[in-house]
Amino acid sequence: MKHSLPALFLSFAFSASLAQNPAAPSTSVRGNLVDEQNAPVPFTTVALHRSSDSTLVSGVAADEAGTFTIPVKSGQYYLKISSVSYLSKLISPVRVADADVRIGTVVLKNSAQRLAEVVVQAEKSQMELALDKKIFNVGKDLANAGGTASDILRNIPSVAVDVEGNVSMRGSNSVRILIDGKPSGLVSFKGGAGLQQLQGSQIERVEVITNPSARYEAEGMGGVINIILKKERSEGFNSSVDLITGYPGNFGLSANLNYRRKNLNFFVNYTIAYRNRPGRNSLYQEVYRNDSTFITQQTSAMRQKVMNNNIQAGIDYYFDERNILTGAYTYRGSKGKRYADIFYNDYLGSTANLRTITNRTQDETETEPNSEYSLTYKRSFTRKGHELSADFRFLDNYESSDQLFDQQLYRADGQTPLIPINRQRSLNDEGEKQFLVQVDYVQPFAKQGKFEAGLRSSTRAMTNDYTVLQQNTAGIYAPLPGLTNNFVYDEKINALYGIVGNKTGRISYQAGVRAEWTDVKTTLKQTNQVNPRSYANLFPSVHMTYDLPRQHALQISYSRRVRRPAYDDLSPFMTFSDARNFFSGNPDLNPEFTDALELGHIKYVEKGSLSSSVYYRYTTGKVLRIRRVNDQGFSTTRPENLATENSYGVEFAGSYALAKWWKMDASFNFFRAITDGANLDATFQSDTYTWFTRLNSRFTIFKGTDLQLRGNYDAPRQLPQGRQKSIAALDVAMSREIFNKNGTLTLNVIDVFNSRRFRSVTEGANFYTETNGQFRRRQINLTASYRFRQAKKKKGFELEQ
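In short, a report on the structure. (Residues numbered from 1 in each chain as written. Predicted model: local features only at pLDDT ≥ 70, side-chain atom pairs only at ≥ 80, totals over all residues. Heavy atoms only, no water.)

### Some remarks on the sheet that holds strand β7 (residues 101-107)
Thinking step 1. Spatially, three strands are ordered β4-β1-β7 in an open sheet, and the strand pairing comes out mixed. Both edges of this open sheet fall to β4 (67-72) and β7, since each of them pairs with a single strand only. Across the sheet, the mean angle from the axis of one strand to that of its neighbour is 15°, orientation sign disregarded.
Thinking step 2. Sheet analysis places strand β1 (residues 27-34) next to β7, joined by six bridges and oriented parallel. (Pairing = 2+ DSSP bridges. Helix = DSSP H or I, 4+ residues; strand = E, 2+ residues; numbered from the N terminus. Axes fitted to C-alpha atoms, helices over the stretch in contact; angles between N-to-C directions.)

Take a look at the structure:
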């Protein structure tokens, strides 16, 4: 690491020096981009072309405030502004003489077709690249039709989703997941796994922020994933309907309605979905005791049947063009059944010596009603970019689980019972109430300077009433000793932040700091175990960008992040579905802190863009799940604090239109992670080199019909207790415009070769464990979409003269 990291940074610096023009232009073209509601349009490509021969001269991406500056020599040009969500715009002529040319404020008109339904044109991409974030317009990915939010994240560059739905970014499992920029009850109890309840048809785009500024919560060391839901604000009536059918059972209906007239905008989104998901898992384990080897071969067949109902409704009220009040309510209800059939084959010495067979069945009924209430006010002042916003949210979430288990021990013949059947019941009721208040203020100064400040206050109260019962000889269920308790989690986090940014010539900079005060208390009521924690921390961030000629730009950034133990990380209750492999939280878990440094480069071309970055993360108190196995072969897995982790790598992402009928998006990430867990066990060490890649290719095979191929590969990875094996998968999809381009029919096959299996090896002093799991089998979906009363544009651009 001592030599590799500087070499990578030097290579970037050398590339930058080659790209520089010693005779830099002294004049420039400047402007601001806004939408029809006067909101900034960030990260939009602005390109300057020579009028005489249409040659691309230079260009940039607008910053977060929608402003752009293009250094250029004297001459006559035209300006082309391109964005996925808006009509492209040509401004001609643009005459540059001896002074800067100020285009002023440019209003971009909505394309009037929702991102999930439009046909990709040559200048449009499902991946938009900026130095500080990547934006993925997920509706343009045909393979996403009929899927969930988890399915979408699984195919986004930099992001990985494991068998349980947990989300990681660049190898870090500490990721902050937001919905519309705010926390959501979907991820409160189950983390990223809760996103399986969110239908993909409700999502407009996903923003991936690898090194967030002080504006964002410090939570999430790997970065921030912001899921933006669809919300139409075009004048008049707009609506759409999606019908989904698939095998294994996947049936759904999604409807989006919007009505805008003058100062009132009403919107409602409703989704109902039924899924029948089969899965399978196998485990091979050796346990070493008294010079003997005890072997277990475990196979599991699972099936989950879930009915989800989601509705989001709200009103935007425009007091005037500068003052907007938005009220919204979201309800997500989930009712499901989960069945599992587990067999344990126990051997002594070798698999030729079968001793006993145990069969355990699970029948679970689960109910999850979640409600969210929000009220947001936004005030835009006279000067562009001068804004005040306030947001209040209340989350009320509940989950109830009732599980029945039958377990029978047989002789090696699998027919003769050795003991009477054992019947158990597990009851688990979880509740959460969260209040959140956030205020943000932006004050421009000088030409391009900006000061930002804000405050945030949140309180969360969570409870988990847990008990395990066992049927006695009289047929009565009685509580098992030590397996009944009530876990209470109380959390208060208050935060203040300030950011100052400006631009001087080609250099833009932004520096900020965030202060957070955290109070967390956990209580086990029956045993009266109380664990209070209080800490205050500062989280600085610095971002600096240098604009190079010929549509190049460099950015270096630093931020400090934290991963606080979440509710599931601290809850001591163990899962009970598997009678030999138990998972729980750790009430003594401490936060982990990360210092993240990143150097990024981006290059825009006429038909696409390419971004690359070098990144480094140093983590203390690294949280990792550790597996321990006792002499009987029973395992417990819970999160532990390891000493440190050093990780660094390179990432490339690009989007390019090879032809009018062929567009490709690709990403590649290579990193090294050195993990030191010697504070727990001298053997908890790993030094891994690994990589993963995503490739998406889309073809227009004839007018109105597209074909898409999407491939993923994750290379093997070493871990402190073993290794994770490689994963490869291919998805295929095809879409066809119908009903005079008002509708779209999409057929996709997810995991064509049934190869998306999660395989791992875990080793300890007294055990060896190998797992192979596939929690989602090959899926075939057919989705029909229809749009009502949405305007169609014959051309994809406007012309201003």
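### Considerations on the pattern of salt bridges
Pairing of side chains with opposite charge becomes possible as their charged atoms draw close.
Thinking step 1. Inspection of the entire model under this criterion finds 32 salt bridges.
Thinking step 2. Here Glu 217 and Arg 456 are joined by a salt bridge, their closest N and O atoms 3.4 Å apart. Separated by 239 residues along the polypeptide, Glu 217 in the loop between β13 (203-209) and β14 (223-229) and Arg 456 in strand β23 (residues 449-471) bring together distant segments of the chain.
Thinking step 3. Here Glu 217 falls in the buried class, since its relative accessible area comes to 14%.
Thinking step 4. Relative accessible area serves as the criterion here: at 6%, Arg 456 is assigned to the buried category.
Thinking step 5. Here Arg 460 ties to Glu 491 by a salt bridge, and the two come within 3.3 Å at their closest N and O atoms. Of this pair, Arg 460 sits in strand β23 while Glu 491 sits in strand β24 (residues 477-504), and the two are 31 residues apart along the sequence.
Thinking step 6. You can call Arg 460 buried: its relative accessible area is 13%.
Thinking step 7. Each member of the salt-bridge network shares a partner with another, and the members are Glu 219, Arg 514, Glu 516 and Arg 564. (Salt bridge = Lys/Arg side-chain N within 4 Å of Asp/Glu carboxyl O. Buried < 20%, exposed > 50% of the residue type's maximum accessible area, 1.4 Å probe, protein only.)

### Considering a nonpolar patch on the surface
Thinking step 1. Taken together, the side chains of Leu 257, Tyr 259, Leu 264, Phe 266, Ile 315, Tyr 317 and Phe 319 define a hydrophobic patch exposed on the protein surface, amounting to about 610 Å² of accessible area.
Thinking step 2. At the level of elements, β16 (250-261), β17 (264-289) and β18 (292-320) are the ones that each hand at least two residues to the nonpolar patch.
Thinking step 3. Broken down by element, the residue count for the nonpolar patch peaks at three residues, all from β18.
Thinking step 4. Secondary-structure assignment places Ile 315 in strand β18.
Thinking step 5. Overall, the relative accessible area of 41% leaves Ile 315 in the partly exposed class. (Patch = residues over 30% accessible without salt bridge, like charges linked within 9 Å, V, L, I, M, F, W, Y side chains within 5 Å. Areas by Shrake-Rupley, 256 points an atom, 1.4 Å probe, with all protein chains shown as cover.)

### A look at unusual backbone geometry
Thinking step 1. For the bond from Ser 92 to Pro 93, the omega torsion is -5°, close enough to zero to count as cis.
Thinking step 2. With respect to the helices, strands and loops of the structure, Pro 93 is situated in strand β6 (residues 88-96).
Thinking step 3. Tyr 247 connects to Pro 248 through a cis peptide bond whose omega is -5°.
Thinking step 4. Position of Pro 248 relative to the elements: it lies in the loop between β15 (236-247) and β16.
Thinking step 5. Phi at Asp 751 is positive, roughly 60°, even though this residue is not glycine.

### Considerations on the pairing of strand β34 (residues 662-676)
Thinking step 1. For strand β33 (residues 644-659) and β34, the ladder comprises 15 bridges, and the chain directions are antiparallel. Bridging from a neighbouring strand, Ser 655 pairs with Asp 665 of β34.
Thinking step 2. Here β33 folds back onto β34 in antiparallel fashion, the turn holding two residues.
Thinking step 3. By the bridge criterion, 15 bridges tie β34 to strand β35 (residues 685-702) in an arrangement that is antiparallel. In the sheet register, Asn 669 faces β35, and the bridge partner there is Phe 692.

### Notes on the packing of aromatic side chains
Thinking step 1. With the rule as written, the count across this model stands at 19 aromatic pairs.
Thinking step 2. Both rings, one in Tyr 317 and one in Phe 319, keep their centres 4.9 Å apart while their planes meet at 85°; by these two values the pair is edge-to-face.
Thinking step 3. Look at Phe 319 and you get partly exposed, because its relative accessible area is 47%.
Thinking step 4. Consider the rings of Trp 691 and Tyr 713, whose centres lie 5.0 Å apart with planes at 45°: the pair is tilted. Separated by 22 residues along the polypeptide, Trp 691 in strand β35 and Tyr 713 in strand β36 (residues 705-714) bring together distant segments of the chain.
Thinking step 5. Taking relative accessible area as the criterion, Trp 691 reaches 32% and is therefore assigned partly exposed.
Thinking step 6. By way of ring pairs, the aromatic residues Tyr 466, Phe 487, Tyr 489, Tyr 567 and Phe 573 are connected into one cluster.
Thinking step 7. One cation-aromatic arrangement involves Arg 289 over Phe 294; the distance from NZ or CZ to the ring centre is 4.1 Å. (Phe/Tyr/Trp six-rings, centres within 6.5 Å; stacked < 30°, edge-to-face > 60°. Lys NZ or Arg CZ within 6 Å of the ring centre and 35° of its normal.)

### Observations regarding the sheet that holds strand β28 (residues 581-583)
What links the strands of a sheet is backbone hydrogen bonding, and the strands pair in either a parallel or an antiparallel sense.
Thinking step 1. The strand order β28-β32-β31 describes an open sheet built from three strands, whose pairing is mixed. Strands at the two margins of the open sheet, each flanked by one partner only, are β28 and β31 (623-629). Between one strand axis and the next, the sheet turns by 30° as a mean value, whatever way the strands run.
Thinking step 2. Pairing of β28 with strand β32 (residues 635-641) involves three bridges; the strand directions are parallel. By the bridge assignment for β32, Phe 582 is matched with Thr 636.

### Some details on the nonpolar core
Thinking step 1. Ranked by size, the top nonpolar core spans 21 residues in total, and within it Leu 153, Ile 156, Val 159, Ile 203, Val 206, Ile 225 and Ile 227 carry the most contacts.
Thinking step 2. When contributions to this core are tallied by element, the ones reaching two or more residues are α2 (149-153), β10 (159-161), β11 (167-169), β12 (175-179), β13 and β14.
Thinking step 3. If sequence neighbours within four positions are ignored, Ile 156 has contacts with Phe 136, Val 138, Val 206, Val 208 and Arg 694.
Thinking step 4. Membership of the second largest hydrophobic core comes to 19 residues, among which are Val 46, Ala 62, Ile 70 and Ile 81. (Core = buried A, V, L, I, M, F, W, Y, C linked by side-chain atoms within 4.5 Å. Contact = heavy atoms within 4.5 Å.)

### Focus: the environment of Arg 280
Thinking step 1. By secondary structure assignment, the location of Arg 280 is in strand β17.
Thinking step 2. On the basis of relative accessible area, Arg 280 is assigned to the partly exposed category, the value being 28%.
Thinking step 3. Contacts of Arg 280, omitting those with residues within four sequence positions, involve Ser 300, Met 302, Asn 754, Arg 757, Asn 772, Gly 773, Gln 774 and Arg 777.

### With respect to the pairing of β12
Thinking step 1. The buried fraction of β12 is high, at five of five residues.
Thinking step 2. Residues Val 175, Ile 177 and Ile 179 line one face of β12 and the alternating positions Arg 176 and Leu 178 line the opposite face, and both faces are buried.
Thinking step 3. The pairing of β12 with β14 spans five bridges and is parallel. Bridge assignment links Ile 177 to a residue of β14, and that residue is Ile 225.

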